[in-house]
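A look at the structure
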Amino acid sequence: MTSLAEPVPQAAPLAQHPVSRLRFAAAVTALATGGFAIGTTEFVTMGLLPQIADGVDVSIPQAGHLISAYALGVVVGAPLLAALGARLPRRALLVTLITAFGLLNLLSAAVSHYGLLAFVRFLDGLPHGAYFGLAALTAASMVPAHRRGRALALVMMGIPVANLLGVPAATILGQQLGWRAAFVAVGLVSALTVVLILAFVPSTPGDPSASSRRELSALRHPQLWYAVGASGIGFGGLFALVSYIAPLTTEVGGLGESAVAVFLLVIGLGMVVGNLVAGRLVDWSIERSLRIGSVGLAAALALYWVLAPYGWAALVAGFLTTVLGSVLALGFQVRLIDAAEHAQTLGAALSHASLNIGNSLGAFLGGAVIAAGWGFRAPLVVGVGLSLAGLLVLVLARRADRSARQGE
């Protein structure tokens, strides 16, 4: 059993396919473009929540369940597609996943019924975790082991850049042309990703020794489930905020609808900064990065609760929240890859499944407290609780690991 104190020794090191710096940069850019598309569709729903709710004739809390439906698709699809695709050539599988993702975004733009839209959003989430997991392993295989945290951070940069540029732009597009236009734009970026992957990502084989049985056997490791639980609970704190950023900005902060795009821009900037910091922190120490992320996220959410009624002042808390949430996210990703040992494809995919458990949990519980009449600031309190609960799971994981070592 492994300790949370430092990265888990890898029982099956990644096959290395070293490339030149220029080729690595081009390949990572291609992979991150797919992340940009995924991050845009995942977060723009939150920025356009009032418009989507009006468009399909439901309340804002009900529309929030569309976020949960997408996240549930990620949770289901990540382990399933990772187990089935571990032996397949990586580049071909990446192209297949991002193609399916793009087509489902176009279908989302064509749907008018709330129930059918929720189902399509669920389907659209299926390729998410497997794509990021496979992209992470592809990037990590191109660099020395001691730089994998920074390599993964570069692949994950697609999500922060999406929040910095893609989500505000798609939000404005959706506000001006209708929310469906945002999903059409994501479909077009997905098509661009296919071209870039085919042009720049090296063609590498899958793991010939992999099998669905071997990949799924990693689910027997207790530390893997501790990591999934801590990630799924703790990361929910971020989504308790981001899922309801639109009503927090307009209803609580008293700002106009156009201010939502500004808040999303600052949140995206926080993710970019946080991702850059996270790569170095994770290479330094996984345990410390997880502790810093958990405690810091809870404190930043509490600060947002205080500043939310003061309009633009809440931007400071929004920035800090996403910086610390990004540190937490990358730490959990590497932790799960290591905890999966031989089944690293599954571990990498599960990292995104668990983060999207947090997505779904934060959005669901945030909607529940709003529906209960506790106001649009109530999800921030939920977020503080989730962040600290995730830290508690990490503590329990370390104790369980120590007990297992003493019993050996």
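In this report, we go over the structure that sits alongside the text. Because the structure is a prediction, the values reported are computed rather than measured. (Residues numbered from 1 in each chain as written. Predicted model: local features only at pLDDT ≥ 70, side-chain atom pairs only at ≥ 80, totals over all residues. Heavy atoms only, no water.)

Inspection of the secondary structure puts G39 in helix α1 (residues 21-47). Separated by 121 residues in the primary sequence, G39 and P160 have C-alpha atoms spaced 7.6 Å apart. Residues within four places of G39 in sequence aside, it is in contact with I159, A162 and V167. (Helix = DSSP H or I, 4+ residues; strand = E, 2+ residues; numbered from the N terminus. Contact = heavy atoms within 4.5 Å.)

What follows is about the packing of α1 against helix α4 (residues 90-110). Between α1 and α4, the least distance of the axes is 11 Å, while the angle of their chain directions is 30 degrees. Here α1 lies roughly parallel to α4, going by the angle between them. Along this stretch, α1 crosses α4, giving a crossing that reads as left-handed. Here α1 contributes L31, G34, A37, I38 and T41 to the contact with α4, which in turn contributes L94, I98, F101 and N105. Looking at the contact of α1 with α4 residue by residue, the classes come out as six nonpolar, three polar and no charged. (Axes fitted to C-alpha atoms, helices over the stretch in contact; angles between N-to-C directions. Parallel < 35°, antiparallel > 145°, perpendicular 65-115°, else oblique. Left-handed = near helix turned anticlockwise from the far one by under 90°. Nonpolar A, V, L, I, M, F, W, Y, C, P; charged D, E, K, R; others polar.)

Judged by side-chain polarity, L303, W305, V306, V316, L320 and V381 come together as a nonpolar surface patch covering roughly 490 Å² of accessible area. Within the residue set of the nonpolar patch, elements represented by two or more residues are α14 (286-307) and α15 (314-339). Top element by residues in the nonpolar patch is α14. It accounts for three residues. (Patch = residues over 30% accessible without salt bridge, like charges linked within 9 Å, V, L, I, M, F, W, Y side chains within 5 Å. Areas by Shrake-Rupley, 256 points an atom, 1.4 Å probe, with all protein chains shown as cover. Salt bridge = Lys/Arg side-chain N within 4 Å of Asp/Glu carboxyl O.)

Our focus in this paragraph is the layout of surface pockets. A volume near 310 Å³ is recorded for the largest pocket. What lines the largest pocket is a set of 15 residues, and nearest its centre among them are F24, V143, R147, R150 and L154. When contributions to the lining of the largest pocket are tallied by element, the ones reaching two or more residues are α1, α6 (148-156) and α13 (259-284). Taken together, the residues that form the lining of the largest pocket break down as eight nonpolar, three polar and four charged. (1 Å grid on protein atoms, 1.4 Å probe; cavity = no way out; pocket = protein on both sides within 12 Å on 5 of 7 lines; lining within 4 Å. Points joined across faces, edges and corners; volume = space filled by probe spheres on them.)

Before going further, it helps to examine the pattern of salt bridges. Think of it this way: side chains of opposite charge can pair up when their charged atoms draw near. Scanning the model with the defined rule gives three salt bridges in all. Among the ionic pairs, E287 bridges to R291, the shortest N-O distance being 2.5 Å. Residue E287 and its partner R291 are located together in helix α14, separated by four residues, close to a single helical turn. A residue is classified by how much of its surface remains accessible, and R291, at 42% relative accessible area, is partly exposed. The shortest N-O distance in the salt bridge between E287 and R398 comes to 2.4 Å. With E287 in helix α14 and R398 in helix α17 (residues 378-407), this pair connects stretches of sequence that are 111 residues apart. (Buried < 20%, exposed > 50% of the residue type's maximum accessible area, 1.4 Å probe, protein only.)

What follows is about empty space enclosed by the protein. The gaps left among the atoms become clear once a water-sized probe is rolled over them. Under the criterion given, the structure shown has six cavities of 30 Å³ or more. Size it by volume and the largest cavity reaches roughly 220 Å³. M156, I159, F235, A329 and L355 are the residues nearest the centre of the largest cavity, which is lined by 19 residues in total. At the level of elements, α1, α7 (158-177), α11 (236-242), α13, α15 and α16 (344-371) are the ones that each hand at least two residues to the lining of the largest cavity. Grouping the amino acids of the lining of the largest cavity by side-chain chemistry returns 11 nonpolar, seven polar and one charged.

Let us now look at the packing of α7 against α13. Relative orientation of the contacting elements α7 and α13 amounts to 170 degrees, with a least axis distance of 6 Å. In this view, α7 runs roughly antiparallel relative to α13, as classed from their interaxial angle. Seen along the crossing, α7 lies across α13 with a hand that is left-handed. Counted together, I159, P160, V161, N163, L164, V167, P168, T171 and I172 of α7 and A261, L264, L265, G268, L269, M271, V272 and N275 of α13 form the full contact between these two elements. Broken down by class, the residue content of the contact of α7 with α13 amounts to 13 nonpolar, four polar and no charged.

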